[in-house]
Structure formats: structure tokens, C-alpha cells
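# Coordinate inspection notes
Spelled out, the chains give:
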Amino acid sequence: MSVPEPGPGQILIKVEAAGVAFNDISTRAGLNPGPLPDVLGFDVVGHVEKVGAGVEDVAVGQRVGALVGTGGYATHALATSRRTARLPEGHPAEELDALVLNYLTAWQMFHRIAQPAPGQAVLVIGAAGGVGSALCQIASAAGVEVYGTSSRARRARVEANGATWVAGAEDVPVPVAATFDPVGGPSLARSRRATKRSGVVVSYGFSFTVGAGYSKAGAMARTVLALLRAKLSPGARVVVHMVERRVDKDLAGFRADMTALVEQLRTGALKPEVTTLPLDRAADAHRRLENREVDGKLVLIP
């Protein structure tokens, strides 16, 4: 496959690191809206090699992180310039890539949606995963009490990120101010029961569909039904978070969030746990992520 040329508003990135996300898996499985892409890969870090017409906020040679949506599993990837942020030289690309999607998602949900006060408690579902571990670190750094769920085998990982481990949402000893739920579907009801009526459940995925044998229509129907039930019944409100939509709505906020994350990485407040694999082992990466064998972020290196 030839190296693509950037169109108007686009940049061409020579990829140093390409993140692997659950969104890639659900896309590959045909569960996400839209056609299947030729190349998967939602987030990348690399250097700008070319810019398209009309691009003025990004320059050739700069190191950037980008939400490309698709096409990241490659040596070169196209990105919309408005979904990119400057990144510093010197840091390992795989650590920076963890910031671009996982930590950015966590930061936006915690600081821009939930906004719990110091001393309040939150619940993180899937606290050993990529976004979950980021949430635990971000919440702990903000002085918030964190409860996190995972399998028993991954309990130590959850506790290492500053959270109190619980087996499930029903085991949290106090109602929390916010719950962060990547599972969706039937999990939303459990998350709402663990959350104060005045609190919020932030839904940012529907991993309940992966491996469950649902068709795209079936997965969508169950997702929508669970959200409708939450909106029509008393209890904590539910907010659906999609990182790319928030980035598109608030470019300045996106870049400010990335600057804040890089600074916390520099000071050691955030410590991404990253597993790397060569690019040609993308299939193995998907298997490991689907089997919940990865703590933190999984990154492919061209």
C-alpha cells in the first residue's frame, strides 16, 4: 500500500506508536456504526511529514498525538489537523500514546463531566484496563477516594494505581459521586445503583457486546434500550462520553487537556503502564485485549 497524501485540512504522520483500543475490536467485529475500514487504529503518536492545504496550526517536523479514528496501524497515517496536539520530544512514544486516547478520555470524563470534589468517592468499572487505570491515577491525584473493579487476579494492579479494590459495583460501601462505566448495557443499572441520586454515571463504551454473539443491530438495540431505561427511571443521571465529539466541539480545550496531561506525566503524577508489540502482531494484540490479559495501554510499534 502506498503512502497517502494529505488532503485539505489533513496532515500525514510518520507513526512512532499506534494505540490498540476496544473500539478497534468492536469495529473489527462489525458492531460499530459505519463501514469496516481498510486499516484499524484510533490513536497515534509520530512526526508530521506533510501538511495539506489550509493547515496552519501544525507544521512539518513537529511531534504530535492524533485521534485518527481509523488507519493508525501503519507506518504512516492521515489525521485531521484539528484532532492533533503538539507533544514534546524526549518522552517514549508509547507513553505519550497512552495520553492521546486513554488518559485524555479519563481526564475529560473526570474533570469536564463528573467534576467530583476532593474527599468525595468515585467508582471505576474495569479499573485495571487502559482508561480505568488512567482514571484511578487522575482521581487519586485530585484527592478523590477511588473504588475500582476488576477480576481478583488483577486486584494488585488496581490497588497499585491508588484505588480500593471491589469485586463489583454492588460491593462499594458508600454511594459514590460518579461512576465510570465502559461496559454499557446491563452494567448501567448496576452502576446507577452504586451512585448517589444526585451523582452521574459516565458511560464511555459498550464492551458487553464484544464476544456476546450480537449482530450490529442487536448490539445497538440493547445499548439504546439500556440508556432509555436509565433516562426514564429515577436515580443518577447518565452521560454518554465520546472523546472525538468533545475534541471536535472544543479544540482549545482538547489541546489544553493534553498540555495538562503531559505536565503531570513530566512530574510523575501520572505513570502509564504500557505493553508494546511490533506492528505485525496486531492480531495478537487484539486477542490479548479481548481476553483481558493487558494492564494499562497496549501499543503497536512500526
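Residues numbered from 1 in each chain as written. Predicted model: local features only at pLDDT ≥ 70, side-chain atom pairs only at ≥ 80, totals over all residues. Heavy atoms only, no water.

Within helix H9 (residues 282-290) the residues assigned to the buried category are Ala 282, Asp 284, Ala 285, His 286 and Leu 289. Where H9 is buried, its residues meet strand S1 (10-20), helix H1 (22-28), strand S12 (274-278) and strand S13 (297-301). Positive phi shows up at Arg 292, right after H9, with a value of about 55°. (Buried < 20%, exposed > 50% of the residue type's maximum accessible area, 1.4 Å probe, protein only. Helix = DSSP H or I, 4+ residues; strand = E, 2+ residues; numbered from the N terminus. Contact = heavy atoms within 4.5 Å.)

As a further point, take the nonpolar core. Within the largest apolar cluster, 51 residues are counted, with the highest numbers of intra-cluster contacts made by Leu 135, Phe 180, Met 258 and Leu 261. Among the secondary structure elements, those contributing two or more residues to this core are helix H2 (93-114), strand S6 (121-124), helix H3 (130-141), strand S9 (176-181), strand S10 (195-203), helix H7 (243-249) and helix H8 (251-267). When residues in this core are grouped by element, the largest group, 14 residues, is from H2. If sequence neighbours within four positions are ignored, Leu 261 has contacts with Leu 99, Tyr 103, Leu 104, Trp 107, Ile 138 and Leu 270. Ranked by size, the runner-up nonpolar core spans 25 residues in total, among them Ile 13, Val 15, Tyr 73 and Ala 79. (Core = buried A, V, L, I, M, F, W, Y, C linked by side-chain atoms within 4.5 Å.)

Let us look at the UniProt feature "domain: Enoyl reductase (ER)" (unreviewed entry) in the protein. Listed under "domain: Enoyl reductase (ER)" (unreviewed entry) in the UniProt record, and renumbered for this structure, are residues 2-300. In this annotation, residues 2-300 is assigned 35% helix and 24% strand; the end-to-end C-alpha distance for the span is 20 Å. (UniProt positions renumbered as here; feature names shortened; annotations may be inferred.)

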